[in-house]
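# Reading the structure
Next come the chains, spelled out residue by residue.
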Amino acid sequence: MTRFILIRLVQTVIALIGIAVLIFVLVRASGNPIDLLRSATSTPEEIENLQRQLGLDKSNWEQFRIFMFGLVQGDFGESLLKRRPVSTMLGEAIPNSLKLTVPAFVISMLVATALGVFAATRRDSFLDNGVKFVAILGQAVPGFWLAIMAMMLFSVIWGILPTAGMGGPAHYVLPVGTMAFFLLPGMMRLVRSGMLDVLDSEYIKLARIKGLSERIIVWKHAFRNAMIAPLTTAGMIMAGLVMGAVITENIFNWPGMGRLVLEATYARDFPVVQACTLMIGVMVLGMNLLVDIAYAYVDPQIRYQKS
Amino acid sequence: MTTKRDIVLQVEDLQTTFFTRAGEFKAVGGISFYVREGETFGLVGESACGKTVTGLSLLRLLPEPAGRIVGGKITLDGIDILKLSKKQMREVRGKRISMILQDPMTSLNPVYTVGDQIGESVRLHQGLRDDMVEDEVISALRLLRIPAPEQRLRDYPFQLSGGMRQRVVGSIAMSCRPRLLIADEPTTALDATIQAQYIALFKDIQKQTDVAIIFITHDFGVVANICDRVAVMYAGKIVETASTSTIFKRSKHPYTSALIRSVPRLDRKDDQLYSIEGQPPSLLNLPPGCRFAPRCPDVMDICLKEQPPVVEISEGHSVSCWKEKK
Amino acid sequence: MLSTMPNIDTKLKLKISGLTRSARIMRAMTFYIPVIILVLLVLTAIFAPWLAPHDPIKVSLLERRLPPAFVEGGSMKYLLGTDSLGRDILSRAIYGARISLSVSLLVIAATAFVGTALGIAAGYLGGRTEAFLMRFTDISMAFPGLVLAMLLSVSIGPGFFTVVLALSILGWAPYARLIRGETLRLRNSDFVAQARINGASAWRIMLIHIFPNVINPLIIVMTMAVGFMILAEAALSYLGIGIPPPDPSWGSMVADGRGDIDRAWWISTFPGILIALVVLSGNFFGDWLRDKMDPRLRQL
């Protein structure tokens, strides 16, 4: 078990370094980043200043060393647009993003589990058909469009919820709902199909033969096995979470990381983009590490494997 | 058997039907049999003849909502189990009637230890305190002669071989010392040598516990090894019931004879294995007469028109065939 | 033994037989309607210049935010109304089909090629190659594609090629994973063993013996990816890091109407419905194809 976690940890660190290198290379791939940064009216002197300020006058290797060294110390440089340290901006944006993503994640997880399990245990019932319908539709309807439609209905036409921005509890309803929608259909489908596979298995038949109650059969014997398959696709759920955060924060003007990174992308504020993408990478890989550990906890075969 | 033992299970005219959109699928069409204490009763037939459905009917574990018992009576130690409530029925399962499934590789839950899975039954049906559960689990493992039970109970199913897993499944089934054990082809998925061991083990367990066993199989070779009495099933009906020795020496039904002749034997040199022409009838629309008639070598006019009655030829030997009525 | 007996699986039999008339009609509908929509999509994309009533990028400031024809104040000139720059929404939607289709088809071709090559190599060669490739695949699957798209948008600037690249860089991973699984199954088969005995090289076995046998699952996954890629392109364009204006992408058309939801609901609404319809059709068709060709792949 410790060995398994250790291996995963090392792999995560390697992946992280890989991402850092990728970001470094990509940002410089198009030639001199200075071409992206300077305005049309910059004088050669200004350009030179900027170059020195960004350390672009040094060799590539030296630049990379400074870049990586800065990362380790949590120094991401300064925003070209706002002239503020990127780390401060991240410090403000990350908690705001968490206020949105954590409730959305928890809500969609609970709802997906409950509905997925109930749908699977009552196959072809009204509830099951409803779950299937939502799952199919949810995979096709673009989340950004649905968010705009929701805003139109609740804020513009009915005027019962605030349009955008951060504030009281009412401000959370639409953004959290939108974000949850990005995750819910996929999760629900995974839980349902996982449960259906497991409920069909011989060991569930054996559990019934033992005389166990349906509640124990479903939640103790079936659910834990049914969670193994969805856990392997947790990476996709994380990607959905990032996508959802960026889209939701921008639609509802929520001052989180998703809005920060997209605005920086538009402005080609590359220190911010660099830092944000790296932070997102860290968070996604960190979550995947947690998922791997959860996976090992659920599946003894992983826990006991030698290599 | 010299002295007549108590009857544990009595089944009278059991009928089980699957209600599908395509029609009624009469999987079990009115069968009767009984099993005595300490006796092994074989239920033999080809796949889809209704023997597994019979087993599941006894536990009232048919796939819902399609499968339903539509007629008959099942009496376990004098109690009509078709009249029990769902909760009462759960107390019967695992405690008084148990079942072993065919495939040992898939019938254990992969995420719980062997000890957990046996202990669960013990705790549920015997209401023991946690510290006493382990002793019971170990004794259940010992009963199935699993070596080093103290260590094995901490193992997960994937750490055990197929034969060992099937013994664990046996331990779960026997953990509460049931009155009746239904074994649904428990040896089919095992290697031949392990198969023989497993059967010997069960004979021994039966001696110790007096459990009544219903042994479901398609293999007359296995029947000869373990069963005291046998019922042969064809298309949802029992066509012949007799003691094992009678079945092999004096079977009366053409289907039984064909089945026995199709078992390869070492003591006789046949040029060709016997096989029966044709296929069993669809359980969706059964012929009016004898269900075996279309494939029967001795078919008569009446066989195609009316169902044959059950004829008792000698004590404990009954046949459902027009040939014997004449 | 009883050689004449077909092994009838009761459970299977119940599943096949249990279809009513209405269920059969439903099943047919979930095939024909999606196929019709997809055929229409392809035809629209090909014949866009002949079908579109107006120039999709022509700005007409005097005709801004005109409602659709069936709404009060709308005219037959602009069936689905105009956007905030007075461009015809119908014409933009028609040209948008070109973008959606060309991006998704290009990405699918590229990712399927790379994924299949890596998958066969990993599955057949095994050992360290496999371990490395599969870990690489895992990381690629876990990496949020949006982040990469943003990075690319910053470094090489937004554009058609950037979108295709952004979606392709990570998109090969699911193919690699599936094809590796299939290859593992095939590697131990008799015909591969026979080829090895006959002295075929690893290259030859992978190309001549394994590849033709993974084409079926490959086609299924490629089909199922159509909807996903259309959705992904729309999302990137919506966020402004996809197809740059003024070219019409359905995603950016939804974004165009975002600021106008209080006065011109149609600008965002129609392209969104279009995306949902096309993606739904792609998914249904993919499911149908999978059930027909290889029901084993249910999990996908």
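All of these numbers come straight from a predicted model, not from anything done at the bench. (Residues numbered from 1 in each chain as written. Chains lettered and ligands numbered in written order. Predicted model: local features only at pLDDT ≥ 70, side-chain atom pairs only at ≥ 80, totals over all residues.)

### Quick word on the overall build of chain B
Using the following cut-off: Runs of E in the DSSP output that reach at least two residues are strands. Runs of H or I that reach at least four are helices, and both are numbered from the N terminus. Based on C-alpha atoms, the radius of gyration is set beside the globule rule, defined as 2.2 Å times the residue count to the power 0.38. With C-beta atoms placed from the backbone, a residue is labelled by how many other C-beta atoms lie within 10 Å of its own: buried for 20 or more, exposed for 12 or fewer, partly exposed between the two.
Check the secondary structure of chain B and you find 12 helices and 12 strands. For a compact globule of 326 residues, the expected C-alpha radius of gyration is about 20 Å, and chain B comes in at 20 Å, within 12% of that figure. Principal-axis analysis of the C-alpha atoms places the extent of chain B at approximately 70 × 50 × 45 Å. Of all 326 residues assigned to chain B, the portion counted as buried reaches 47%.

### Observations concerning the overall build of chain A
Worth spelling out the cut-off: Two residues qualify as a contact pair if the distance between their C-beta atoms, derived from the backbone, is within 7 Å.
In terms of helices and strands, chain A carries 15 helices and 0 strands. Structurally, chain A occupies a C-alpha span of about 85 × 60 × 30 Å along its principal axes. Each of the 307 residues in chain A was classed as buried or not, and the buried ones make up 38%. Partitioning the contacts of chain A with sequence separation of at least 6, the portion at a separation of at least 24 is 70%.

### As for the interface of chain A and chain B
A common way to report how large an interface is uses the accessible area buried once the components associate. Contacts between the two partners involve 19 residues from chain A and, on the opposite side, 24 residues from chain B. Elements that contribute at least two residues to the side of chain A that touches chain B include exactly α9 (202–209), α10 (214–226) and α15 (300–303) of chain A. The leading source of residues in the side of chain A that touches chain B is α9(A), at 6 residues.

### A closer look at the interface of chain A and chain C
Note the cut-off: Polar here means any residue other than Ala, Val, Leu, Ile, Met, Phe, Trp, Tyr, Cys and Pro, which are nonpolar, and Asp, Glu, Lys and Arg, which are charged; Gly is therefore polar.
Contacts between chain A and chain C engage 37 residues on the former and 36 residues on the latter. Looking at the side of chain A that touches chain C, the elements with two or more residues in it are α1 (2–29), α7 (143–157), α12 (234–251), α13 (257–267) and α14 (270–298) of chain A. The element contributing the most residues to the side of chain A that touches chain C is α12(A), with 8 residues. For the side of chain A that touches chain C, the class distribution of residues is 28 nonpolar, 8 polar and 1 charged.

### A closer look at the domain arrangement of chain B
Residues and elements named next belong to chain B. The condition is simple: As annotated, the domain borders come from an automatic or database domain assignment.
When the domains of chain B are assigned, the result is domain 1 (7–96 + 178–288) and domain 2 (112–177). Computed over C-alpha atoms only, the centres of domain 1 and domain 2 are separated by 26 Å. Counting from both sides, the interface comprises 12 residues of domain 1 and, opposite them, 12 residues of domain 2. Top contributing element to the side of domain 1 that touches domain 2 by residue count: helix α7 (residues 192–209), with 5 residues. Here the residues of the side of domain 1 that touches domain 2 are counted per class, giving 9 nonpolar, 2 polar and 1 charged.

### Re the sheet that holds strand β5 (residues 79–80) of chain B
Whenever strands of a sheet pair, they do so through backbone hydrogen bonds, lying parallel or antiparallel. Residues and elements named next belong to chain B. Operational definition: Between any two strands, pairing holds if DSSP finds at least two bridges. Angular values range over 0 to 180 degrees, each being the angle between N-to-C directions of two axes fitted as lines to C-alpha atoms, with helices fitted over their stretch in contact.
An order of β2-β1-β4-β5 is seen for the 4 strands of this open sheet, with the pairing classed as antiparallel. Edge strands, defined here as strands with exactly one partner in the open sheet, are β2 (23–36) and β5. Those strands touched by helix α1 (residues 51–58) are β1 (7–20), β2 and β4 (67–76), and its axis lies near 70 degrees from that of β2.

### Quick word on unusual backbone geometry
The omega angle of the peptide bond from C:Pro245 to C:Pro246 is 10 degrees, so this bond is cis rather than trans. Take C:Pro246: it is sitting in the loop between α10 (202–239) and α11 (250–256). In this structure, B:Ala148 is a non-glycine residue whose phi angle is positive, near 45 degrees. Locating B:Ala148 in the fold gives a position in the loop between α4 (130–143) and α5 (149–152). Residue B:Ala148 is classed as exposed on the basis of its C-beta count, with 9 C-beta atoms lying within 10 Å. Residues other than glycine seldom take positive phi values, yet C:Arg65 does so here, at roughly 50 degrees. For C:Arg65, the location among the structural elements is in the loop between α3 (48–51) and α4 (89–125). By C-beta crowding, C:Arg65 is classed as partly exposed, having 17 other C-beta atoms within 10 Å.

### Details of the environment of B:Ile81
All names here are of chain B. Of note, Ile-81 is situated in the loop between β5 and α2 (86–92). Using a count of 20 C-beta atoms within 10 Å as the deciding quantity, one classes Ile-81 as buried. Taking the C-alpha atoms as reference points, Ile-81 and Asp-6, separated by 75 residues in sequence, lie 18 Å from one another.

### Digging into the domain arrangement of chain A
All names here are of chain A. According to the domain assignment, chain A contains domain 1 (2–73) and domain 2 (90–306). Computed from C-alpha coordinates alone, the two centres of domain 1 and domain 2 are separated by 32 Å. The interface is formed by 15 residues belonging to domain 1 together with 14 residues belonging to domain 2. Of all the elements in the fold, those that place two or more residues in the side of domain 1 that touches domain 2 are α1 and α2 (33–37). The dominant element in the side of domain 1 that touches domain 2, judged by the number of residues it contributes, is α1, at 11 residues. Classifying every residue of the side of domain 1 that touches domain 2 by side-chain character gives 13 nonpolar, 1 polar and 1 charged.

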